[in-house]
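# Examining the three-dimensional arrangement
Listed here are the chains, written in short residue letters.
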Amino acid sequence: MLDSQSIHLKALDSADLHHLQAVLNVICREAGKPLRAPDMQEIAALLIRLYRHGVTDEEKLLSVGRLASAQTAPSPVTAGAAGRKRNGRPLKPA
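Residues numbered from 1 in each chain as written. Predicted model: local features only at pLDDT ≥ 70, side-chain atom pairs only at ≥ 80, totals over all residues. Heavy atoms only, no water.

### Brief notes about the nonpolar core
Counting residues in each nonpolar core, the largest one holds 15 residues, and the members touching the most others are Val-23, Leu-24, Ile-27, Met-40, Ile-43, Leu-47 and Leu-61. Ranked by residues supplied to this core, first place goes to helix α2 (residues 14–31) with 6 residues. Leaving out residues up to four positions away in the same chain, Val-23 has contacts with Leu-47, Glu-58, Leu-61 and Leu-62. (Core = buried A, V, L, I, M, F, W, Y, C linked by side-chain atoms within 4.5 Å. Buried < 20%, exposed > 50% of the residue type's maximum accessible area, 1.4 Å probe, protein only. Helix = DSSP H or I, 4+ residues; strand = E, 2+ residues; numbered from the N terminus. Contact = heavy atoms within 4.5 Å.)

### Re the side chain of Asp-16
Secondary-structure assignment places Asp-16 in helix α2. Leave out the neighbours within four places in its chain, and Asp-16 touches Lys-10, Ala-11 and Tyr-51.

### Brief notes about helix α3 (residues 38–52)
Across its 15 residues, α3 extends 21 Å between first and last C-alpha, which sits within 8% of the 21 Å expected from 1.5 Å per residue. Within α3, burial applies to Asp-39, Met-40, Ile-43, Ala-44, Leu-47 and Tyr-51. Down the axis of α3, the sector holding all buried residues measures 145°, keeping them to one side. For α3, exposure combined with an orientation more than 90 degrees from the buried face picks out Pro-38 and Glu-42. Residue Gly-54 follows α3 closely and has a positive phi angle near 105°. (Expected span 1.5 Å × (residues − 1). Arc of directions from axis to C-beta.)

### Structural notes on the confidence of the model for the protein chain
The predicted coordinates should not be examined in detail at positions where pLDDT is low. This prediction gives the protein chain a mean pLDDT of 81; 68% of its residues lie at or above 70. Every residue in residues 81–85 scores below 50 in pLDDT, and together they form 6 contacts with partners more than four places removed in sequence or on other chains. (pLDDT = per-residue confidence, 0-100.)

### As for the pattern of salt bridges
Pairing is possible between side chains of opposite charge, provided their charged atoms come close. If you walk through the whole model with that rule in mind, you get 2 salt bridges. Across the pair Glu-30 and Arg-66 runs a salt bridge, and its minimum N-O distance is 2.7 Å. On the criterion of sequence distance, the pair formed by Glu-30 in helix α2 and Arg-66 in helix α4 (residues 58–72) is long-range, its members being 36 residues apart. Note on Glu-30: relative accessible area 48%, which makes it partly exposed. (Salt bridge = Lys/Arg side-chain N within 4 Å of Asp/Glu carboxyl O.)

Below is the structure:
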């Protein structure tokens, strides 16, 4: 059963989906990730939710998508530290 809020959500047509696809393509390209990456799929779902609630401005969607992408990306410190450990311990210098 639909609640009162979901009844008012905007239905998406092919033009809307094309618009959202263009926004997501920019975010994927900037993040260097494929569309099928799990975090990009989550961002796609977020963009759809926003769009259905009336956020249709491309710059606003890009801003939110970029922010979401930045929050899901591993930080350089974390990524570098993960590569220098074995079994949870730092590697010994050679």
